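So you can see what is in the structure, the chains are spelled out below.
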Amino acid sequence: MQWEAVIGLEVHVQLSTKSKIFSGASPAFGGAPNTQACPVDLGLPGVLPVLNAEAVRMAVMFGLAIGAEIHPYSVFDRKNYFYPDLPKGYQISQFAHPIVGPGTIDVQMENGETITVGITRAHLEEDAGKSLHTSYPGMTGIDLNRTGTPLLEVVTDPDLRSPEQAVAYFKQLHALVRYLKICDGNLAEGSMRCDANVSVRPLGAEELGERSEIKNINSFRFVEKAITFEIERQIDILESGGKVQRDTRLYDSDLNETRSMRTKELSDDYRYFPDPDLLPVHLTPEFIAEVKSSLPELPEARKTRFTTELKLSDYDATWLTGDPEVADYFEAVLATTDDAKLTANWIMGDASAALHRDDLEWIDCPVPATELGRLIVRIKDNTLSSKLAKTVFEALWAGEGTADEIIEARGLRQLSDSGALGDIIEKIILDNPHQVAQYRAGKNKVLGFFVGRVMKATQGKANPGRVNELLLELLGSWGQSKGAE
Amino acid sequence: MANIDINHLCRLAQLALNDAEHEAVRGDLERIIAMVDQMQAMNTDHVEPLAHPLDANQRLRRDEVTEVVDRERYQLGAPATQDGLYLVPRVVE
Amino acid sequence: MNEFASIGELARGLRRGDYSSVELVRHYLARIQNNASLNTFISVTEDEALIAAAKADQTLQRGKAGPLTGIPLAHKDIFCTQGIATTCGSRILENWIAPYDATVVARLASAGAVLLGKTNMDEFAMGSSNENSYFGAVLNPWDNSRVPGGSSGGSAAAVAAGLIPIATGTDTGGSIRQPAAFCGVSGIKPTYGRVSRYGMAAFASSLDQAGVIGHDAQDLAVVLSLMSGLDPRDSTSSDHVDSWLESVAESGLQPIDEGLSIGLPGEYFKDLGEGATLLEAAAKELESAGCRLTEISLPHTDAAIPAYYIIAGAEASTNLSRYDGVHFGYRCENPKSLQDLYQRSRSEGFGTEVKRRILTGTYALSVGYFDAYYLKAQKLRRLIQQDFLAAFEQVDLIIAPTTPGVAFHTGDLTGDPVAMYQQDIFTIPASLAGLPALSLPCGFSNGLPIGMQLIGAHFSERQLLETSALYQQRTDWHQHHPEVA
Ligand SMILES: [Mg+2]
Ligand SMILES: [Zn+2]
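Each chain carries its own residue numbering, running from 1 in the direction its sequence is written. Labels follow written order: the first chain is A, the first ligand is 1, and so on. Reporting in this predicted model follows two pLDDT cut-offs: at least 70 for local features of residues, and 80 or more for side-chain atom pairs to be given and counted; totals over whole chains, interfaces and linings ignore these cut-offs and use all residues. Water and hydrogen atoms were dropped before computing side-chain values, which therefore reflect all heavy atoms in the structure.

Looking at the overall build of chain A
Line of reasoning, step 1. A run of H or I in DSSP becomes a helix once it reaches four residues, and a run of E becomes a strand once it reaches two; helices and strands are each numbered from the N terminus. Scanning chain A for helices and strands turns up 16 helices and 16 strands.
Line of reasoning, step 2. With C-alpha atoms as the basis for the radius of gyration, the globule rule is written as 2.2 Å multiplied by the number of residues raised to the power 0.38. Over its C-alpha trace chain A gives a radius of gyration of 31 Å, far above what one expects of a compact globule, namely 23 Å for 485 residues.
Line of reasoning, step 3. Taking the principal axes of its C-alpha atoms as reference, chain A extends roughly 105 × 55 × 55 Å.
Line of reasoning, step 4. Taken over 485 residues, chain A has a buried fraction of 54%.
Line of reasoning, step 5. For chain A, contacts bridging at least 24 residues in sequence account for 69% of all contacts bridging at least 6.
Line of reasoning, step 6. With residues, only the protein chains shown are counted as cover, and all accessible areas are computed by Shrake-Rupley using a 1.4 Å probe. Just so you have it, chain A exposes about 21000 Å², and 51% of that area is on carbon and sulfur atoms.
Line of reasoning, step 7. Looking at charge distribution, chain A has the averaged site of its 50 positive side-chain charges lying 5 Å from that of its 71 negative ones. Remark: exposure states derive from per-residue accessible area (1.4 Å probe, protein chains only) relative to the maximum for the residue type, with buried under 20%, exposed over 50%, and partly exposed in between. Contact between two residues is taken to exist if any of their heavy atoms lie within 4.5 Å; hydrogens are not considered. Positive residues here are Lys and Arg, negative ones are Asp and Glu, while His and the chain termini are left out of the count. Each charge is placed at NZ for Lys, CZ for Arg, CG for Asp and CD for Glu.

This is how it looks when you write it as structure tokens:
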């Protein structure tokens, strides 16, 4: 039988606010255990939550960016279950009235196909703490620093049909939240965590199969592997005549398998109800309009602008707009030079390679965009050959000054002047009569020998185009005059 | 009146009752729910639920770090801690 | 020194130099000690009190005293007090010391009041007799075989016995008004949102409200004015600004001089024995002072107790999830597993009534029952509120009994929770509607005090208190005191 996978993702996007969603503690990653959990986060008797305005604004930005409905009335609910990393015994989340309603995200697949993924909802909630199972024999240690970190949970419709589509969606969401600057996108630190709902049905069937939910997958690669494993597991069950059990599972990346989480079984009745410590959130049309006007240009719009206005190829535009910091850098370079294609080549080539080599992020690129721009200007006005330009780029990278200072200090100005260059070439022709004879005998390859000599004599600074022109001119005239003898 | 599954409620609420308590609670809950069930005869068609006595909006807090965390003080009354972590019997996932 | 002096008289005594705050504090500390058998206090903070009193004396000497400077005060043991045990009358918090002050505590401390200790209460404020305290029952000073009412029974009995001139309380369904009535003192539950709930351990968040118990309306007004107002740490605290209340601390309360219209709801007077006669006499007194009496109807009064026990139970069931033996408070001996830790810590830590309400609330919120119980109760809550709003179109204030009868005997109702719940029949409706209400002594039946309840529209504390002052100007029921050691 042919099977079809049906996948929906719930991604927890950690919002990059300065303080937590309901308290004034810092959500910064990596503090010593429990040094970032204030009484509100600890759920001590008498404490009360107060909602962070920025978390609300970020959720609205996200909703507007995907063209979703922004609910003018939303409510925080309590989701009740006992777990040691959940100090109040309930999580404050949004159940019946989420802040963001239905929307869609278009996802570009690598084969060029575009799929539209329905977004059921996106709601605000607080994160839980962390359990550490290793260090203490027979005991689990609880660190509540992460408790109360604001999350936007983005839930898709069951629209995805393959692990590849799931990953492409996850990547697209990753780029989007980074564009909006509402999440740092750091998967290794858990800034985006994915739950995947996976089921399988006979191809062409309408009805959905029983699903399992894989919890907390935190890398693009693992999303693909976990879903692939789970689809195969379910198909194996169905093909051997079994039934898939509805179940919550954990992906084990070491063993590349999913397995059932027994601890979650108890909490099947969360007893959601409106949190009486929080009032309904009413958003005015003015507020929503104000957030809308503050939205940055989104990846799709930027890509279209790059292909139409800047005449970049689809490939280049996709590459440059995949990460907002790259696109920002690219546009900053373009403020100094107007050659979009050459700038794109430099960014996708040398600059990207150097960052990769030194393990740096775009935001930390040591070459200021204006200086890469100056460098490109100097290529365009023939001051620099592409070879010299690479030397200048490395010097910029090493922080040796501005592009022009480096050209000056190192004497890297390209020789294009026909007078000076002509003198050098004439001397080389005179010194090498044997090669001149070969050239005259029709051996055109010998031209390379002359180019090499000129470059050597000029320490690589000669403009290769000019050298070629002058060599052809001088060798030709040389031959003609000799011939006239 | 619906049958009250005391065991299920205790599981959700993480309470453990001995047999005597269990029976006493069953009796009490049955009487309480019977009293509460007077509500069912009262007409609430087209009535909006009231969650808060005041018809107010959620006030929003400025996004600022205002809390200075004093872990030692907050953990003074904690039943078991080590290296700043709260300890519980091993949780199996 | 008159131990039944109002805080107005005490403040005048302090200013005149009749006694110092230290002397005053020693006097009340001695009275608390001599009447320890009433069991009104869970903790007495003698050392801290004497230090604070000495500081208050300096303020008095500098002529910078406010109306509460140097005045002895007690807090119900549900308010968090930094460095002093806060038990909520429960074993589960027996040794817990809050790392912060409740807003109410901080505000009254900064007004110069001197905290003498924390008063006994029904566990987590659940009860109408103060028999549900882990620290033992409180005795009614008028008759030690009777209950003082609850849950703020320690505060009411301590004020009645002249062990403290003023004490805070909390009222969720009558927990200030009912014990005030049983003990023959005055107590106000302000409008929901008038006083911050921050640092007040939650019972039922949408109903809980802090208030004051004292000898007369004048004292209630002064303390209320200093403890109320917007608190950024409590999302449900109101930003309602009341310049009248702000001025009370300065200039005191003026008995009202205009004739208000007062409603008597028929539903409240149905089966009232001798209480009805006393209440009618009280109403007549106000009529002869210029008020107009009108009969009104509050048709959904019968819905109040069922709706209340569902809403309060539901909220309590999740508010009390944080008491799980993990992060603070009581933990059972040698837990064998996480489940064992949760279940034994909670079962050993909570008393019978608390467990009963947690289970009732869990039932009301669980799958399949939510609509029939929780939502139904919230709809009835709206109908009850609408009854009152309609009544306040007609009248300025409502007069009602506070309780169905006088204080009952200890043990009389402990076997029958439903009969116990009926005790709050007259106080619960105003709680559900979020209205301010107070109870004043209005006579005696067989030597036991009877309370009259005044209920006002939202934020109408001015009319409530000024009318009470008028009544207390014309009567002396509030000046009757029990004979104690
Ligand atoms: Mg989810
Ligand atoms: Zn979630």
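Re the overall build of chain B
Line of reasoning, step 1. When its secondary structure is counted, chain B shows three helices and three strands.
Line of reasoning, step 2. In chain B, the order of α-helices and β-strands from amino to carboxyl end is α-α-β-α-β-β.
Line of reasoning, step 3. Here the C-alpha atoms of chain B give a radius of gyration of 22 Å, more than 25% beyond the 12 Å that 2.2 N^0.38 yields for 93 residues.
Line of reasoning, step 4. Overall size of chain B, expressed as C-alpha extent along the three principal axes, is 55 × 45 × 25 Å.

A word on the side chain of Ser186(C)
All names here are of chain C.
Line of reasoning, step 1. Here Ser 186 lies in strand S5 (residues 186-189).
Line of reasoning, step 2. For Ser 186, a relative accessible area of 0% gives the class buried.
Line of reasoning, step 3. Here a polar contact is recorded for every N or O atom pair within 3.5 Å, except that within protein the pair must consist of a potential hydrogen donor and a potential acceptor, and residues adjacent in sequence are included only if both atoms are side-chain atoms. A polar contact of 3.5 Å, which involves the side chain of Ser 186, links it to the backbone oxygen of His 215.
Line of reasoning, step 4. Excluding residues within four positions of it along the chain, Ser 186 makes contact with Ala 180, Val 212, Ile 213, Gly 214, His 215, Asp 216, Ala 217, Leu 220, Ser 439, Leu 440, Pro 441 and Gln 472.

Focus: the interface of chain C and chain B
By convention, interface size is frequently given as the accessible area that disappears when the constituent parts associate.
Line of reasoning, step 1. Listed by partner, the interface residues are 70 residues for chain C and 49 residues for chain B.
Line of reasoning, step 2. For the pair chain C and chain B, the two sides together bury roughly 5100 Å², of which 66% comes from carbon and sulfur.
Line of reasoning, step 3. Contact with chain B buries area across many residues of chain C, yet Leu359(C), Tyr363(C) and Lys376(C) alone supply 13% of it, more than any other trio.
Line of reasoning, step 4. By salt bridge we mean one thing: a side-chain nitrogen of Lys or Arg within 4 Å of a carboxyl oxygen of Asp or Glu. Counting every contact that joins chain C to chain B gives four salt bridges.
Line of reasoning, step 5. We note a salt bridge from Arg356(C) to Asp28(B), for which the minimum N-O separation is 2.6 Å.
Line of reasoning, step 6. Where chain C touches chain B, the interface holds 21 residue pairs in polar contact (both at pLDDT 80 or more).
Line of reasoning, step 7. Breaking the side of chain C that touches chain B down by element, the ones donating at least two residues are helix H10 (304-319), helix H11 (338-349), helix H12 (352-365), helix H13 (370-394), helix H14 (417-422) and helix H15 (428-433) of chain C.
Line of reasoning, step 8. By residue number, the principal contributor to the side of chain C that touches chain B is H13(C), which donates 12 residues.
Line of reasoning, step 9. Any residue that is not Ala, Val, Leu, Ile, Met, Phe, Trp, Tyr, Cys, Pro, Asp, Glu, Lys or Arg is counted as polar, Gly included; the first ten are nonpolar and the last four charged. When grouped by side-chain class, the residues that make up the side of chain C that touches chain B number 32 nonpolar, 24 polar and 14 charged. What counts as buried area is the accessible surface, traced by a 1.4 Å probe, that two parts surrender upon association, with contributions from both included.

Observations concerning the interface of chain B and chain A
Line of reasoning, step 1. Listed by partner, the interface residues are 33 residues for chain B and 51 residues for chain A.
Line of reasoning, step 2. Here chain B meets chain A over a buried area of about 3900 Å², counting both sides, of which 60% is carbon and sulfur.
Line of reasoning, step 3. The tally of links from chain B across to chain A stands at zero salt bridges.
Line of reasoning, step 4. The tally of links between chain B and chain A comes to 25 residue pairs in polar contact (both at pLDDT 80 or more).

What about the coordination of the magnesium ion (ligand 1)?
All names here are of chain A.
Line of reasoning, step 1. For Na, K and Ca the donor cut-off is 3.2 Å, and for all other metals it is 2.8 Å, counting N, O and S atoms only; because water is absent from this set, sites may look incomplete. Every protein donor of the magnesium ion (ligand 1) is listed here as Glu 10 (OE) and Glu 153 (OE), and their distances to the metal cover 2.3 to 2.4 Å.
Line of reasoning, step 2. A gap of 4.0 Å separates the magnesium ion (ligand 1) and the zinc ion (ligand 2), which Glu 153 links by coordinating each metal. Of this pair, Glu 10 sits in strand S1 (residues 3-14) while Glu 153 sits in strand S10 (residues 150-156), and the two are 143 residues apart along the sequence. Considered together, Glu 10 and Glu 153 belong to a single accessibility category, that of buried residues.

Section: the coordination of the zinc ion (ligand 2)
Residue and element names in this part refer to chain A.
Line of reasoning, step 1. Ligation of the zinc ion (ligand 2) by protein atoms is provided by His 12 (NE2), Glu 125 (OE) and Glu 153 (OE), these donors lying 1.9 to 2.1 Å from the ion.
Line of reasoning, step 2. Considered as a linear motif, the donors of the zinc ion (ligand 2) on their single chain read H-x112-E-x27-E.
Line of reasoning, step 3. What makes Glu 125 buried here is its relative accessible area of 3%.
Line of reasoning, step 4. Exposure remark for Glu 153: the relative accessible area of 8% places this residue in the buried category.

Observations concerning the packing of helix H4 (residues 103-110) of chain C against helix H7 (residues 217-227) of chain C
Residues and elements named next belong to chain C.
Line of reasoning, step 1. One can describe the packing of H4 onto H7 by two numbers: an axis separation of 8 Å at closest approach and a directional angle of 110 degrees. By the angle between their directions, the pair H4 and H7 is classed as roughly perpendicular. Between H4 and H7 lies a crossing whose hand is right-handed. Residue-level contacts link Val 104, Arg 107 and Leu 108 of H4 to Val 223, Leu 226 and Met 227 of H7.
Line of reasoning, step 2. Residues that form the contact of H4 with H7 fall into these classes: five nonpolar, no polar and one charged. Here, axes are lines fitted to C-alpha atoms. For helices the fit covers the stretch in contact, and angles between N-to-C directions go from 0 to 180 degrees. Just so you know how the angles are binned, under 35 degrees is roughly parallel, over 145 roughly antiparallel, 65 to 115 roughly perpendicular, and the rest oblique. A crossing counts as left-handed when the near helix is turned anticlockwise from the far one by less than a right angle, and as right-handed when that turn is clockwise.

Focus on the sheet that holds strand S14 (residues 257-260) of chain A
Residues and elements named next belong to chain A.
Line of reasoning, step 1. Any two strands with at least two DSSP bridges between them are considered paired. The eight strands lie next to each other as S6-S7-S10-S1-S11-S12-S13-S14, forming an open sheet whose pairing is mixed. Either end of the sheet is taken by a strand with one partner, and the two such strands are strand S6 (103-108) and S14. Each neighbouring strand pair of the sheet contributes to a mean axis angle of 30 degrees, computed without reference to strand direction.
Line of reasoning, step 2. Note that S1 and strand S11 (residues 192-202) share 11 bridges and pair antiparallel. Among the inter-strand pairings, Val 6 is bridged to a residue of S11, identified as Ser 199.
Line of reasoning, step 3. The strands touched by helix H3 (residues 163-179) are S1, S6, strand S7 (114-126), S10 and S11; relative to S6, the strand with the most contacts, the crossing angle is about 110 degrees.

Quick notes on helix H6 (residues 299-308) of chain A
Line of reasoning, step 1. Taken together, the buried positions of H6(A) are occupied by Pro299(A), Arg302(A), Lys303(A) and Phe306(A). For H6(A), the buried positions fall inside an angular range of 100 degrees around the axis, keeping them on one side. Summarising the geometry, the arc corresponds to the directions from the helix axis toward the C-beta atoms.

What to know about the packing of aromatic side chains
Residue and element names in this part refer to chain C.
Line of reasoning, step 1. Ring pairs are drawn from Phe, Tyr and Trp, using the six-membered ring of Trp, whenever the two centres fall within 6.5 Å, and their geometry is named by plane angle: stacked under 30 degrees, edge-to-face over 60, tilted for the rest. By the definition in use, this model includes 31 aromatic pairs over all chains.
Line of reasoning, step 2. Here Tyr 323 and Phe 350 contribute two aromatic rings whose centre-to-centre distance is 6.3 Å and whose plane-to-plane angle is 80 degrees, an arrangement assigned as edge-to-face. Here the residue Tyr 323 occupies a position in the loop between H10 and H11, and Phe 350 occupies one in the loop between H11 and H12, the gap between them amounting to 27 residues.
Line of reasoning, step 3. We classify Tyr 323 as buried; its relative accessible area is 3%.
Line of reasoning, step 4. Between Phe 388 and Phe 392, the aromatic rings sit 6.4 Å apart at their centres with planes inclined by 20 degrees, giving stacked as the arrangement. Of this pair, Phe 388 and Phe 392 are both found in helix H13, four residues apart, which corresponds to roughly one turn of the helix.
Line of reasoning, step 5. A residue is classified by how much of its surface remains accessible, and Phe 388, at 2% relative accessible area, is buried.
Line of reasoning, step 6. Residue Phe 392 is classed as buried on the basis of its relative accessible area, which comes to 15%.
Line of reasoning, step 7. Here the aromatic cluster, defined as three or more aromatic residues joined through ring pairs, consists of Trp 96, Phe 124, Tyr 323, Phe 328 and Phe 350.

Some words on the pattern of salt bridges
Line of reasoning, step 1. Evaluation of the coordinates by the stated rule reveals 61 salt bridges over all chains.
Line of reasoning, step 2. Between Glu72(B) and Arg71(B) there is a salt bridge, and its shortest N-O distance comes to 3.4 Å.
Line of reasoning, step 3. In this structure Arg71(B) comes out as buried when scored by relative accessible area, which is 18%.
Line of reasoning, step 4. One salt bridge in this structure joins Arg474(C) and Glu285(C), with 3.0 Å as the shortest N-O distance. Of this pair, Arg474(C) sits in helix H16 (residues 461-474) while Glu285(C) sits in helix H9 (residues 274-288); the two residues are 189 residues apart in sequence, bridging distant segments of the chain.
Line of reasoning, step 5. Overall, the relative accessible area of 38% leaves Arg474(C) in the partly exposed class.
Line of reasoning, step 6. Relative accessible area serves as the criterion here: at 24%, Glu285(C) is assigned to the partly exposed category.
Line of reasoning, step 7. Residues participating in the shared-partner salt-bridge network are Lys181(A), Glu297(A), Arg302(A), Arg305(A), Asp328(A) and Glu331(A).

Notes on unusual backbone geometry
Line of reasoning, step 1. A cis amide bond links Gly150(C) to the next residue, Ser151(C), at an omega of 5 degrees.
Line of reasoning, step 2. Summarising the element assignment, Ser151(C) is placed in the loop between strand S3 (114-119) and helix H5 (153-160).
Line of reasoning, step 3. In this structure, Asn382(A) takes a positive phi of about 70 degrees despite not being glycine.
Line of reasoning, step 4. With respect to the element layout, Asn382(A) can be found in the loop between helix H10 (369-380) and helix H11 (386-397).
Line of reasoning, step 5. One non-glycine residue with positive phi stands out, namely Asn39(C), at about 60 degrees.
Line of reasoning, step 6. Topologically, Asn39(C) is positioned in the loop between helix H2 (21-34) and strand S1 (41-44).

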